[in-house]
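Single-letter residue listing:
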Amino acid sequence: MTTDAKQRTAIKEYQLKNLSQFLNKKGIIPRSIHIYVGTGSSLAKMKSNFVKVIEIYKKYFPNIKEINLGGGFAFDYDNLDPDKKYFVWEKYFKFISLKIKQLELAKDVKFILEPGRDVFADSGSLVVSVKRIVNLKNKKNIGTDGSYVLMPSATIRKRQHGLSFFDKNFKEIKNPKTIGVLSGCTTLSSDYLFPGEVKIPTDLQAGDYIVVKDIGAYGSTQHMEFLNKKPCPEVLIKENSGVYLITERGKDDDKIRYLLSEPKKI
Ligand SMILES: Cc1ncc(COP(=O)(O)O)c(C=O)c1O
């Protein structure tokens, strides 16, 4: 179910009356109502969405026992404080618990949440290597072996990601001060890992590495086949117990990532 009449799929608000009448006539009680408000939604939007869902539940489906509030809880990619990137869960839970009491909702109605992005975003990073550096008039163009097709949603949403820089021995290079842009390596002249200028270490050089943070949500599943760039291999880093290869890089003659049946310790 969607509150936005522009969305392609799902039942629209104007169809609810007919739907509930039809179900009543057939004697069908739906198991659940499921709403998806759209990704990156703020606390204010999530609150008003909750109120709206409850109105729909009371008006059209008062007998159902499950309300699925979906996902869409915003993760703040731009916030440099790693503890302040998350959706404000406590405020949200306080609000819905208050509303449940105020609206005297039946105690046997179960609420389900499906947060994806906010749970996984900062669990994954993309590692690219620096291939060459071109000095432009007032910035450096950093040629990497990456591409926006590895993480297209950043470009689609005009979003920047946090970065860390490492030398060829993987020693961190701190204090990025110089203005740069991060080029991808495909034939597309506008291929940048993500749009806009970033701060890079002044002495960054070919052979160094850049770690692009917060790409854990939808990770390499968002890889696009466009431009023939092979998908990255993925590794899972377990706390204190090693690094495991979980998908192999796509092959030269196709563009598919290969999920290993068993993680391989490397
Ligand atoms: C039905 C449904 N639930 C949950 C999610 C997760 O959304 P998010 O990652 O924005 O929290 C999605 C994402 O497309 C979805 O379609």
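Look up: the structure comes first, before these words.
Predicted model, so just to flag it, every value in this text is computed and none were measured.

(A) Representation of the pairing of strand β6 (residues 163-166) in the model. Here β6 shows a clear split, with Leu163 and Phe165 buried on one side and none of Ser164 and Phe166 buried on the other. Here β6 runs beside strand β9 (residues 209-212); their pairing, made up of four bridges, is antiparallel. Its bridge partner lying in β9, Ser164 is registered against Val211.

(B) Here's a closer look at the site of the ligand. Taken together, Tyr36, Thr39, Gly70, Gly71, Gly72, Phe73, Glu114, Pro115, Gly116, Arg117, Asp118 and Ala217 make up the full set of residues near the ligand. Across the shell around the ligand, the residue classes break down as four nonpolar, five polar and three charged.

(C) How the structure looks around the environment of Pro201. Mapped onto the secondary structure, Pro201 falls in the loop between β8 (198-200) and β9. For Pro201, a count of 20 C-beta atoms within 10 Å gives the class buried. Between the C-alpha atom of Pro201 and that of Asp118, which follows or precedes it by 83 residues, the distance is 29 Å. With near-sequence residues (within four places) excluded, Pro201 lies in contact with Phe165, Ile173, Asn175 and Pro176.

(D) Summary view of helix α1 (residues 16-26). Summarising burial for α1: zero of the eleven residues are buried, a small minority. Positive phi appears at Gly27, one or two residues downstream of α1, with a value of about 70 degrees.

(E) Focus on unusual backbone geometry. Not every positive phi belongs to a glycine, and Lys158 is a case in point at roughly 50 degrees. The residue Lys158 is located in the loop between α5 (152-156) and β6 in this model. Of note in the backbone geometry, Leu227 takes a positive phi value of approximately 75 degrees without being a glycine. For Leu227, the location among the structural elements is in the loop between β9 and β10 (234-237). Classification of Leu227 as partly exposed rests on a count of 15 C-beta atoms within 10 Å.

(F) Expanded view of helix α3 (residues 89-102). Look at α3: 20 Å from first C-alpha to last across 14 residues, which is about the 20 Å you get at 1.5 Å a residue. By the criterion of burial, α3 is predominantly exposed, with just zero of the 14 residues buried. Positive phi appears at Glu104, one or two residues downstream of α3, with a value of about 50 degrees.

(G) Representation of the sheet that holds strand β2 (residues 66-68) within the structure. In spatial order, the strands read β1-β2-β3; together these three strands make up an open sheet with parallel pairing. Edge strands, defined here as strands with exactly one partner in the open sheet, are β1 (33-34) and β3 (110-112). Sheet analysis places β2 next to β3, joined by three bridges and oriented parallel. Bridge pairing in β3 links Glu66 to Lys110.

(H) Seen up close, the environment of Lys91. With respect to the helices and strands, Lys91 occurs in helix α3. Residue Lys91 is classed as exposed on the basis of its 12 C-beta neighbours within 10 Å. A C-alpha to C-alpha distance of 9.7 Å links Lys91 and Lys47, two positions 44 residues apart in sequence.

Parameters at a glance
- Residues numbered from 1 in each chain as written.
- Predicted model: local features only at pLDDT ≥ 70, side-chain atom pairs only at ≥ 80, totals over all residues.
- Buried ≥ 20, exposed ≤ 12 C-beta atoms within 10 Å, placed from the backbone.
- Helix = DSSP H or I, 4+ residues; strand = E, 2+ residues; numbered from the N terminus.
- Pairing = 2+ DSSP bridges.
- Near = placed C-beta within 6 Å.
- Nonpolar A, V, L, I, M, F, W, Y, C, P; charged D, E, K, R; others polar.
- Contact = placed C-beta atoms within 7 Å.
- Expected span 1.5 Å × (residues − 1).

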